[in-house]
Amino acid sequence: MNFLEERILKDGVVKEGNVLKVDSFLNHQMDIELFDKMGEEFKRRFAEKPVNKILTIEASGIGIACMAARHFRVPVIFAKKTQSINLDGDMYVAEVESFTHKCKNNVIVSKKFLNEEDQVLIIDDFLANGCALQGMIQITQMAGATVSGIGIAIEKGFQSGGRIIRNLGFQLESLAIVESMDVKSGAIKFREQS
Ligand code: 5GP
């Protein structure tokens, strides 16, 4: 079991609706030592890949992306979410359905910060159905940039996102993959990873 899986077992709480609550160390209060270790591990897993930018989505991805960026020594771009947007031609915009908030958001990145020369590592906190990731992949591709890889802290392996994204041919690395979780007992099982 790795350091993140251990922490999830210690402090994660299984909620109704397939939600894993990790707000004491990842989503609200943030354990920066843990984030730093995650960044180091992403660097190890993507050591062979060219990466000159990290792309994430606000809000929960930002902290992890920033700590990862220290290991890659590259800037972080976070896609912004907004209800009303000014489509003035200077933005890449993709529509994303939120798993936790059950609503649709446009996610936006300024054209100033992403172009066809960029080799992008996409980072996020959770992977559920893959909508957030598909939005970021779309934005990267709209810019003509390359997705070098995708790093996720916690993948819920019993939801479809991981399979969809891997089937698209991307290198997707999730530090913890939850195979099953039980709201009654609170039990959490992880997928074995080499
Ligand atoms: P997806 O777009 O893959 O369906 O969902 C990914 C996004 O939803 C993540 O960025 C994350 O913020 C949120 N999310 C999905 N499932 C969970 C969960 O079980 N717990 C928490 N805390 N956030 C989740």
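Residues numbered from 1 in each chain as written. Predicted model: local features only at pLDDT ≥ 70, side-chain atom pairs only at ≥ 80, totals over all residues. Heavy atoms only, no water.

Participant: I would appreciate a short explanation of the overall build of the protein chain in the present structure.
Facilitator: Looking only at helices and strands, one finds 5 helices and 10 strands in the protein chain. Look at the contacts in the protein chain between residues 6 or more apart in sequence, and 59% of them connect residues 24 or more apart. As displayed, the protein chain offers around 10000 Å² of accessible surface, 47% of which is attributable to carbon and sulfur atoms. Averaging the coordinates of the 24 positive side-chain charges in the protein chain and doing the same for the 26 negative ones gives two points 2 Å apart. (Helix = DSSP H or I, 4+ residues; strand = E, 2+ residues; numbered from the N terminus. Contact = heavy atoms within 4.5 Å. Areas by Shrake-Rupley, 256 points an atom, 1.4 Å probe, with all protein chains shown as cover. Lys, Arg positive; Asp, Glu negative; His and termini not counted. Charge placed at Lys NZ, Arg CZ, Asp CG, Glu CD.)

Participant: What am I meant to see in unusual backbone geometry here?
Facilitator: With an omega of 0°, the peptide bond running from Glu58 to Ala59 counts as cis. A positive phi angle is found at Asn18, which is not glycine, with a value near 65°. Residue position: Asn18 is located in the loop between strand E1 (13–15) and strand E2 (19–21).

Participant: Where do I start with helix H1 (residues 3–11) in this structure?
Facilitator: Given 3.6 residues per helical turn, the α-helix brings residues three or four places apart onto the same face. Buried residues of H1: Leu4, Glu5, Arg7 and Ile8, and no others. Here the buried residues of H1 occupy an arc of 160° about the axis, which is enough to place them on one side. In this structure Asn2 caps H1, since a side-chain oxygen of it lies 3.0 Å from the backbone nitrogen of Leu4. (Buried < 20%, exposed > 50% of the residue type's maximum accessible area, 1.4 Å probe, protein only. Arc of directions from axis to C-beta. Polar contact = N/O pair within 3.5 Å; in protein donor to acceptor, adjacent residues only side chain to side chain.)

Participant: Where do I start with the nonpolar core in this structure?
Facilitator: Generally speaking, soluble globular proteins have nonpolar side chains that are buried together. In this structure, Leu4, Leu20, Met38, Ile54 and Ile154 are the most contacted members of the largest nonpolar core, which totals 32 residues. When contributions to this core are tallied by element, the ones reaching two or more residues are H1, helix H2 (32–45), helix H3 (61–72), strand E7 (119–127), strand E8 (146–156), strand E9 (172–181) and strand E10 (188–190). No other element matches H3, which puts 6 residues into this core. Setting aside residues no more than four positions away along its own chain, Leu4 makes contact with Phe25, Leu34, Met38, Ala153, Ile154, Leu175 and Ala176. (Core = buried A, V, L, I, M, F, W, Y, C linked by side-chain atoms within 4.5 Å.)

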